[in-house]
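# Fold and contact review
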Amino acid sequence: MKKLVLAAMILIVITPFSAHSADTAPKRSYEELAALYLAKEEARPEIAELEESLLSMADQAKPIDLWRSIRDEGTPSRLRAANGLALIRLLFPEGDPSQWESVSGFWHPQMVPKPLAAFDAVYYTSLALLDLEERSAPWLAQRILEDLRSSSRSAHLAIRTAPREYENMIEKLEALTGLPPVGGWPKAEIKGELPFAHPARSVVTYSYAMLREMIFLNSAGQPASGGPYAWDRERGRVYRVVEPADGFFLVEIE
């Protein structure tokens, strides 16, 4: 029965996969695809076991401290993956990255936008998982990224437009799984680098933010057409948006 189900899955997805990825993905026979899908199905129990094992070793810390730990280059990959998974559980409704549009708010008093930190949680966790030796780790990384891509808005902001780490991450992911998602991974416009989130520590005027093509954030920290905050993803900064009449003056724009 499992083979029949897998055969049906392959027949459904083989056409869009081949059509979209024909220029970038290696050509595979039906038998090779069947073997890859079978390996993915057989890895499901191991994926769940790895996820629970990592969550059990995560630091019992505040979300902002988990975020700091996954950004810290000195944090070992296994702990970074564990803390990242814990942060995903805390930030996303039901721990589901496809529900990114429901993430809102700031961590106070540092004023770190949670929606951008949620992107960091997915990226840093996926990168850490790709450093682990368990064969189920790349599949868990792929699942997290696919979930994030399921939201059209988060896919646009974090995958179709992506930090420079994206390309190497996807290359490694495909090498370890051998099976990109249906349609393949998008070719991204690269802007800036990790992390996505930063404390809002400086100010800019609305006109300057427009000139620099910054992304505005609303009062819930979510990307919007306008708002009291501006995200300069190329320089890796988040600013408060002010006007000269507010009594502020700009002291640093490199």
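Residues numbered from 1 in each chain as written. Predicted model: local features only at pLDDT ≥ 70, side-chain atom pairs only at ≥ 80, totals over all residues. Heavy atoms only, no water.

What follows deals with the pattern of salt bridges. One side chain can pair with another of opposite charge once the charged atoms of both are near each other. In the structure shown here, the tally under the stated rule is ten salt bridges. For arginine 135, the salt bridge is made with glutamate 46, and the minimal N-O distance between the two is 2.6 Å. Taken together, the positions of arginine 135 in the loop between α6 (114-129) and α7 (137-149) and glutamate 46 in helix α3 (residues 44-56) put the pair 89 residues apart, joining distant regions of the chain. Judged by its relative accessible area of 28%, glutamate 46 is partly exposed. If you follow the salt bridges from partner to partner, you end up with Glu51, Glu52, Arg89 and Arg143 in one network. (Salt bridge = Lys/Arg side-chain N within 4 Å of Asp/Glu carboxyl O. Helix = DSSP H or I, 4+ residues; strand = E, 2+ residues; numbered from the N terminus. Buried < 20%, exposed > 50% of the residue type's maximum accessible area, 1.4 Å probe, protein only.)

Of all hydrophobic cores here, the largest spans 62 residues; its most connected members are Tyr123, Leu129 and Tyr166. When residues in this core are grouped by element, the largest group, ten residues, is from α6. Counting eight residues, the second-largest nonpolar core is a separate cluster that includes Tyr208, Met214, Tyr239 and Val241. (Core = buried A, V, L, I, M, F, W, Y, C linked by side-chain atoms within 4.5 Å.)

Turning to its location among the elements, threonine 177 is positioned in helix α9 (residues 165-177). A relative accessible area of 5% means that threonine 177 is categorised as buried.

Okay, unusual backbone geometry next. Look at the link from histidine 108 to proline 109: it is a cis peptide, with omega at 0°. Following leucine 194, the chain continues to proline 195 via a peptide bond in cis, the omega torsion being 0°. Position of proline 195 among the secondary structure elements: in the loop between β4 (189-190) and β5 (200-205). Of note, methionine 111 is a non-glycine position whose phi angle comes to about 60°, a positive value. Following the sequence through the fold, methionine 111 ends up in the loop between β1 (106-107) and β2 (112-113). With a relative accessible area of 17%, methionine 111 lands in the buried category. The residue glutamate 213 is not glycine, and still its phi comes out positive at about 55°. Within the secondary structure layout, glutamate 213 lies in the loop between α10 (206-211) and β6 (215-217).

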